[in-house]
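Residues per chain, in single letters:
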Amino acid sequence: MREILEDNEKKFLAYSVDARSNYDALEQLAGLLTEKGYVKDTFSAAILKREKAYPTGLPTGEIGVAIPHADPEHVNRPAVCLGVLEEPVNFIVMGSETDEISVSILFMLAIKHKEDHMTLLTKLIDICQNQETLNSLLSKDEETIQRVLESLYD
Amino acid sequence: MKKILIACGSGVATSTVANQKISSMLDQNGYKGQYHIEQCKVSEVVAKSDGADFCVCTTTVSGKAKCPVLAGLPLLTGIGLNKLYDQILEEMKK
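Fair warning: this is a prediction, and the values are worked out from it, not measured in the lab.

Q: Can you walk me through the overall build of chain A in this structure?
A: Along its length, chain A carries five helices and six strands. Put simply, chain A runs from its N terminus to its C terminus through helices and strands in the order β-β-α-α-β-β-β-β-α-α-α. In terms of overall dimensions, chain A is globule-like: its C-alpha atoms have a radius of gyration of 14 Å, near the 15 Å expected for 154 residues. Here the C-alpha coordinates of chain A stretch approximately 35 × 35 × 30 Å along the principal axes. Burial statistics for chain A: of 154 residues in total, 42% are counted as buried. Restricting to contacts in chain A with at least 6 residues of sequence separation, those with at least 24 account for 68%.

Laid out in structure tokens, this is it:
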């Protein structure tokens with residue numbers, strides 16, 4: 001894993017992730033959020049358990065996205081963690097039991113109160129639906145990523 | 001007054017997005033004030049479905065809901081969104 005950026009004030013981070021599988025990617029990013037104190041020790045297990053019960057892959061086009069998250073009780077401080085994968089890994093499609101998609105971008109969400117994140121979540125989903133923006137994130141360019149993540153908080 | 005359930009795994013993330021998108025679509029179609037949305041966890045859907053007119057879920061519902069259940073994935077991917085909106089508007093007319 002390599003840090004691309006971390007904005008302590010706005011609470012977003014971006015990492016380049018070399019993962020063997022979807023669960024490997026989830027463990028790496030969840031471990032990072034735990035280490036940095038954004039989430040509790042229980043978060044990582046909760047993310048994995050949730051992904052198995054309610055998968056989070058979004059088939060938004062050529063560049064697939066996943067938005068793993070867990071219940072608010074596992075969160076200390078809200079954060080959005082972007083993981084740009086070196087190589088895509090497969091995720092199960094949300095609302096499906098077996099359909100898989102290839103995912104290159106992860107947005108791991110640490111959510112505390114839904115009321116605080118309404119606009120952020122809607123903006124995040126708009127980003128997930130925009131292949132051009134997703135493609136720009138794949139560049140791992142710090143300035144580009146900073147601009148896109150900042151736009152979530154406007 | 002139509003009662004709409006909107007659910008996702010945790011009841012806080014994707015159902016929040018679904019709630020916003022559906023509310024704004026219904027308002028634009030002249031339904032402002034004519035519906036009540038309750039957001040919940042997908043595990044609560046079967047129990048809560050008794051008093052609801054229909055439900056939109058971003059994940060699969062296990063068990064038998066007592067109201068029609070629409071798949072909410074298009075709200076998140078944008079693919080097939082118009083078809084889902086048509087289905088919701090159909091349910092509103094019932």
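Q: Would you take a moment to explain the overall build of chain B for this structure?
A: Helix and strand counts for chain B come out as four helices and four strands. Helices and strands appear in chain B in the N-to-C order β-α-β-α-β-β-α-α. Looking at the 94 residues of chain B, the share that counts as buried comes to 40%. Nonlocal contacts in chain B, meaning residues at least 24 apart in sequence, comprise 52% of its contacts between residues at least 6 apart.

Q: Is there a simple way to think about the pairing of strand β1 (residues 2-8) of chain B in this case?
A: Walk down a regular strand and you will see the side chains alternate between the two sheet faces. Residues and elements named next belong to chain B. Among the seven residues of β1, five are classified as buried, and the element is accordingly described as predominantly covered. Alignment of β1 against strand β2 (residues 35-41), held across seven bridges, turns out to be parallel. Opposite Ala7, over in β2, you have Cys40 as the bridge partner. This β-α-β element, β1 to helix α1 (residues 14-28) to β2, shows right-handed connectivity. Looking at chain direction, β1 and strand β3 (residues 54-57) are connected through four bridges and run parallel.

Q: I would appreciate a short explanation of the sheet that holds β2 of chain B in the present structure.
A: Pairing between sheet strands relies on hydrogen bonds along the backbone, with the strands arranged either parallel or antiparallel. All names here are of chain B. Spatial strand order, β2-β1-β3-β4: four strands in an open sheet with parallel pairing. Both outer strands of the open sheet, β2 and β4 (69-71), are each paired with one neighbouring strand and no more. Between one strand and the next, the sheet's axes are offset by a mean angle of 25°, whatever the strand orientation. Of the pairings in the sheet, the one linking β3 to β4 comprises three bridges and is parallel in character. The residue bridging Val56 from the neighbouring strand is Leu70, located in β4. In this fold α1 packs onto β1, β2 and β3, with an angle of close to 150° to the strand it touches most, β1.

Q: Can you help me understand the nonpolar core in this one?
A: Soluble globular proteins tend to pack their nonpolar side chains together in the buried interior. Among the nonpolar cores identified, the biggest contains 74 residues, and Leu29, Leu33, Val65, Cys81, Leu106 and Phe107 of chain A together with Cys55 of chain B are the most heavily contacted of them. Broken down by element, the residue count for this core peaks at eight residues, all from strand β6 (residues 100-110) of chain A. Aside from chain neighbours lying at most four places away, what touches Cys55 of chain B is Leu5, Ala7, Val45, Ser49, Ala65, Cys67 and Val69 of chain B.

Q: Help me understand the packing of helix α3 (residues 118-128) of chain A against α1 of chain B, please; the structure alone is not making it clear to me.
A: Any two packed helices are characterised by the angle at which their axes cross and by the distance between the axes. α1 of chain B packs onto α3 of chain A with a crossing angle of 85° between their chain directions and a minimal axis gap of 9 Å. It follows from the interaxial angle that α3 of chain A and α1 of chain B lie roughly perpendicular. Residue-level contacts link Met118, Leu121, Thr122 and Ile125 of chain A of α3 of chain A to Thr16, Val17 and Gln20 of chain B of α1 of chain B.

Q: Is there a simple way to explain the interface of chain B and chain A in this structure?
A: Of the residues lining the interface, 15 residues belong to chain B; the matching set on chain A comes to 22 residues. At the level of elements, α1 and α3 (73-77) of chain B are the ones that each hand at least two residues to the side of chain B that touches chain A. Partitioning the side of chain B that touches chain A into residue classes produces six nonpolar, nine polar and no charged.

Q: For this particular structure, what's the right way to read the environment of Lys83 of chain B?
A: All names here are of chain B. Considering the arrangement of structural elements, one finds Lys83 in helix α4 (residues 81-93). Using a count of 10 C-beta atoms within 10 Å as the deciding quantity, one classes Lys83 as exposed. Sequence separation of Lys83 and Ile37 is 46 residues, and the distance between their C-alpha atoms is 20 Å.

Q: Help me understand unusual backbone geometry in this model?
A: As a rule of thumb, non-glycine residues mostly have phi less than zero, and peptide bonds are mostly trans rather than cis. Residues and elements named next belong to chain A. One non-glycine residue with positive phi stands out, namely Lys11, at about 70°. In this fold, Lys11 is placed in the loop between β1 (2-7) and β2 (12-17). The class for Lys11 is partly exposed, based on 16 C-beta atoms found within 10 Å.

Reading guide: rules and limits
- All residue numbers refer to position in the chain's written sequence, counted from 1.
- The naming scheme follows written order: chains are lettered A onward, ligands numbered 1 onward.
- At least 70 in pLDDT is required for a residue's local features to be given in this predicted model, at least 80 for side-chain atom pairs to be given and counted, and no such filter applies to totals for whole chains, interfaces and linings, which use all residues.
- For helices the rule is a DSSP run of H or I covering at least 4 residues; for strands it is a run of E covering at least 2, with both sets numbered from the N terminus onward.
- Computation of the radius of gyration draws on C-alpha atoms alone. For the globule rule, the value is 2.2 Å times the number of residues to the power 0.38.
- Using C-beta atoms placed from the backbone, we call a residue buried if 20 or more other C-beta atoms fall within 10 Å of its own, exposed if 12 or fewer do, and partly exposed for counts in between.
- We call two residues in contact if the C-beta atoms placed from their backbones are at most 7 Å apart.
- Any two strands are treated as partners once DSSP identifies two or more bridges connecting them.
- Classification remark: right-handed applies to a crossover when, strands pointing away from the viewer, the course from the first strand over the helix to the second runs clockwise.
- Only the stretch in contact is used when a helix axis is fitted, and all axes are lines through C-alpha atoms; the angle between N-to-C directions ranges over 0 to 180 degrees.
- Structurally, a nonpolar core is described as a collection of buried Ala, Val, Leu, Ile, Met, Phe, Trp, Tyr and Cys residues joined by way of C-beta atoms within 7 Å.
- Just so you know how the angles are binned, under 35 degrees is roughly parallel, over 145 roughly antiparallel, 65 to 115 roughly perpendicular, and the rest oblique.
- Gly falls in the polar group here, along with every residue not listed as nonpolar (Ala, Val, Leu, Ile, Met, Phe, Trp, Tyr, Cys, Pro) or charged (Asp, Glu, Lys, Arg).

These figures capture arrangement, not role.
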